Amino acid sequence: MDYKAPVEAYTGVVREVTIGKGNKSLKIGGENILPLHFFDQGSNPNPVKFALEILDMKPEDWPEHAVEPFKDVISDPVSWAKKCRGFAVDAVSLFLMSTDPAVKNAPADKAAALAREVAEAIDVPLIVYGSGDEKKDVEVLSKVAEVCDGMNLLIGPVLKENYEAVGKAILDHGHTAIAQSPLDINLLKELNVKLSKIFPPDRIVIDPLSSALGYGMEYSFSLIERVKQIGVITKDSMTMMPIIANLGGECWKTKQAKENKKQGLLWEGMTALSLLLAGANILVLRHPETLKLIKETIEAR
Amino acid sequence: MPIAGSEIVKMLPGKKPCKDCGFPTCFAFAMKLASGGATVDKCPYLSEEVKAKLVDLLAPPIKLVTVGSGENAVKVGNEEVIYRHEKTFVHSPGIALLISDKEDGAEVEEKIKKIKELQFPWVGVNLKANLLTLHFASGDKNKFLALVKKVYNSTDAGIILISEDLDVLFAARDICADRHPLLYPITKGDIDKAIPRIKENLTPVGLRGESVEQLIPLTIKLKEAGIEELVLDPGSKNLLEAIRDQTSIRKAALKQGFRPLGYPTIAFPAFMAKDGLKEMLVGSAFINKWASIIVFSDFDKYSLLPLLVQRLNIYTDPRFPMAVEEKYYEVGEPDESSPVLVTSNWALTYFLVSSAVEAAKVPAYICVKDAEGLGVLTAWAAGKFSGDSVGTFIKKCGIENKVKHRKLVIPGKVARIKGELEDALNLKWEVIIGPRETTGIGAFLPGLAKQLKG
Ligand code: SF4
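Residues numbered from 1 in each chain as written. Chains lettered and ligands numbered in written order. Predicted model: local features only at pLDDT ≥ 70, side-chain atom pairs only at ≥ 80, totals over all residues. Heavy atoms only, no water.

Topic: the overall build of chain A
In terms of helices and strands, chain A carries eleven helices and ten strands. Over its C-alpha trace chain A gives a radius of gyration of 18 Å, about what one expects of a compact globule, namely 19 Å for 301 residues. Within chain A, the fraction of its 301 residues that count as buried is 65%. Considering only contacts in chain A between residues 6 or more positions apart, those separated by 24 or more positions represent 70%. (Helix = DSSP H or I, 4+ residues; strand = E, 2+ residues; numbered from the N terminus. Rg over C-alpha atoms; globule rule 2.2 N^0.38 Å. Buried < 20%, exposed > 50% of the residue type's maximum accessible area, 1.4 Å probe, protein only. Contact = heavy atoms within 4.5 Å.)

Right, here's the structure in full:
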């Protein structure tokens, strides 16, 4: 019995998406191999990237050990964003929580002005997430797109319910879109098909929703794994987009992460590493120590 | 690569319908064999040679190996798929705690205690680590054997023995052989000497190579010697090598049907990472990436729980979502003016909502609607959490007899069902849109409770 190491060569190539402009730009995706499968034929020109999240308001329910690295800047999103640079981030992700009608219902123009200020203050690309309220986000994300015209931010979530309006604003002002659908491969493809009709597919990043360890992580894991395989192995054009795993917030809202720092770092770290192994191209984390741990773990030689 | 019934039938005697096997024809028997519903020995007319060949062909592509005995036996292997979305992973990996004979008495006691006592109730199951690994590192044989005796006598956990010195390895084996310990490592250099000793008292064997390829002649040799409970260590030194090696072994077994690599694997985060947290992270990656036994140098309750939850998640059968029963649940001691919330019956949705309500210290009713175990938003998208169906459930679940008010809180993520739901409830209930995230419940609920009381 002769053994031949199984070396695969696939025909699908994930679209390479650029976010940010000029010397602030960052490429994600572009691979034709499965995650970390450097032993197969092909390559990943843009190894997985990491962003840290910041909020547009002082967080209320973060445990002290999550606030700690940013405690001096936590009430000021601009300084907070700048401080992220000290943790070797590839991007910063701003969450416009305060615009949520159920939180503060902050007005769109205020949020947009902040997004611009943050984007200008940092030397890495900015990701902007609206509150997820499908109606309010039309207003908020359109305004963000307009005020930050030409900066090529990564903006989302673009949902099935609002993709036409939000997609148009993102496109008109030269940004990149996060297409988000709830943990289902068919819904995800359907949204990409619809969005692609009005939007260039090489400016779409997929957000399949990331659940935390113990709270549905395995659904996100298997979904991302499938999306990646359907793209890379079977060359399905509508799944050949880079994947964003926005998991920090989900992990840190669990009782287990709040209870103890070490447990929290591992909660976020194991979720992140799982989704990375499944095929995420960019991870949004909350704790800078998690980021460091994950990087060192995958870079160990 | 399972063999087809049509292939098997060619190897059967074809004595028309003699039916001695209990099946009407050879073909029917062959089909049953292929699906695992019968065993080869039922046909009395097979030569020893054909029988052996069939047994081999029909064996699962990854050998089942048992470490430990009795209630604490850990069974690994027998996996059928490369990716969990293809079907499911079956035998969750053994999580092992390493004790070196260089550690002092107190440290040893502490670790034995950890294996016994670190247990976590989690969504109806009890999570715990299940193996002890004893490492001969002191150079003092008697010291190591004393450790083996101590562990053998004071726990009933499955044992992995590590010793580069074969004499010490087999002496330790003789102390705890009835516990079915795993002997590690057997290598290219000592396999010939080891074989007769292994056969004196057969227990599982861990093979160490410097690559996947190097393991192949070793497994072939052991199998020929009748030693088949094998566990493979391809010697991966970091995460990237681990992914490469584990992927090769898994694909060789399941995609290429290459028998000499059809065994479970063992991984040693204990020897791969210096930092405790990174060790746990590498270990968690091995859970995703198919290791069957994973050995850690140490852990405590805060680092072990995430790892065990990771194992539970990845080995959950994706075909059956975890669901809770459809009914209303009481949190605290609610009365006729307590808030009423509705959510879907995915176990985790329910636990998130109920723990948030509990933390808010507001007694309340949570009406859990059967949505086939999906989360709220997914359930809505799949048509299992529509206004109509939620309305029907609210009417029949009995909550209308429990509260005097008629205000129903729905998850903010499905705000859009408000109108349809109010119609379905014949406008008798006012539907209130709750927070989008369970984290918002703490701020939301006390206000509502006050309003309902006053
Ligand atoms: S006992 Fe053997 S020969 Fe007879 S029918 Fe069954 S398989 Fe065929």
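Some points on the confidence of the model for chain B
Low pLDDT means the predicted atomic positions in that stretch should not be read closely. Mean pLDDT over chain B: 93, with 100% of residues reaching 70 or higher. The complex prediction reports pTM at 0.88, with the ipTM value standing at 0.97. (pLDDT = per-residue confidence, 0-100.)

What to know about the packing of helix 6 (residues 166-176) of chain B against helix 7 (residues 191-200) of chain B
All names here are of chain B. At a closest axis distance of 11 Å, the pairing of helix 6 and helix 7 adopts a crossing angle of 5°. Between helix 6 and helix 7, the angle falls in the class roughly parallel. Each of Leu 166, Asp 167, Phe 170 and Arg 173 in helix 6 lies in contact with helix 7, whose residues at this interface are Lys 193, Ala 194, Arg 197, Ile 198 and Glu 200. Class assignment of the residues belonging to the contact of helix 6 with helix 7 gives a composition of four nonpolar, no polar and five charged. (Axes fitted to C-alpha atoms, helices over the stretch in contact; angles between N-to-C directions. Parallel < 35°, antiparallel > 145°, perpendicular 65-115°, else oblique. Nonpolar A, V, L, I, M, F, W, Y, C, P; charged D, E, K, R; others polar.)

So, the site of the ligand
Around the ligand, the structure places B:Pro13, B:Lys15, B:Cys18, B:Lys19, B:Asp20, B:Cys21, B:Cys26, B:Phe29, B:Cys43, B:Pro44 and B:Tyr45. Of the residues in the shell around the ligand, the class split is eight nonpolar, no polar and three charged. (Near = heavy atom within 4 Å.)

Describing the packing of aromatic side chains
Tallied over the entire structure, the rule returns 18 aromatic pairs over all chains. Seen in terms of ring centroids, A:Tyr219 and B:Trp346 are 4.9 Å apart; in terms of plane orientation they differ by 75°. Their pairing is edge-to-face. Here A:Tyr219, found in helix 7 (residues 217-232), pairs with B:Trp346, found in the loop between strand 14 (340-344) and helix 13 (347-360), and the two come from separate chains. Judged by its relative accessible area of 9%, B:Trp346 falls in the buried class. Aromatic side chains B:Tyr328 and B:Tyr365 sit 5.8 Å apart centroid to centroid with 80° between the ring planes, which places their arrangement in the edge-to-face category. (Phe/Tyr/Trp six-rings, centres within 6.5 Å; stacked < 30°, edge-to-face > 60°.)

Let's talk about the sheet that holds strand 16 (residues 407-410) of chain B
Residues and elements named next belong to chain B. Ordered by their spatial adjacency, five strands build an open sheet running 13-15-14-16-17, and the pairing between neighbours is mixed. Strands at the two margins of the open sheet, each flanked by one partner only, are strand 13 (327-331) and strand 17 (430-433). Adjacent strand axes in the sheet meet at a mean angle of 30°, parallel and antiparallel pairs treated alike. One ladder, built from five bridges, connects strand 14 with strand 15 (residues 364-369); its direction is parallel. Bridged to Val 340 within strand 15 is Tyr 365. Sitting on the sheet, helix 13 is in contact with strand 13, strand 14 and strand 15, with an inclination near 175° to strand 15. Lying over the sheet, helix 17 (residues 441-453) contacts strand 14, strand 16 and strand 17, oriented at roughly 170° with respect to strand 16. (Pairing = 2+ DSSP bridges.)

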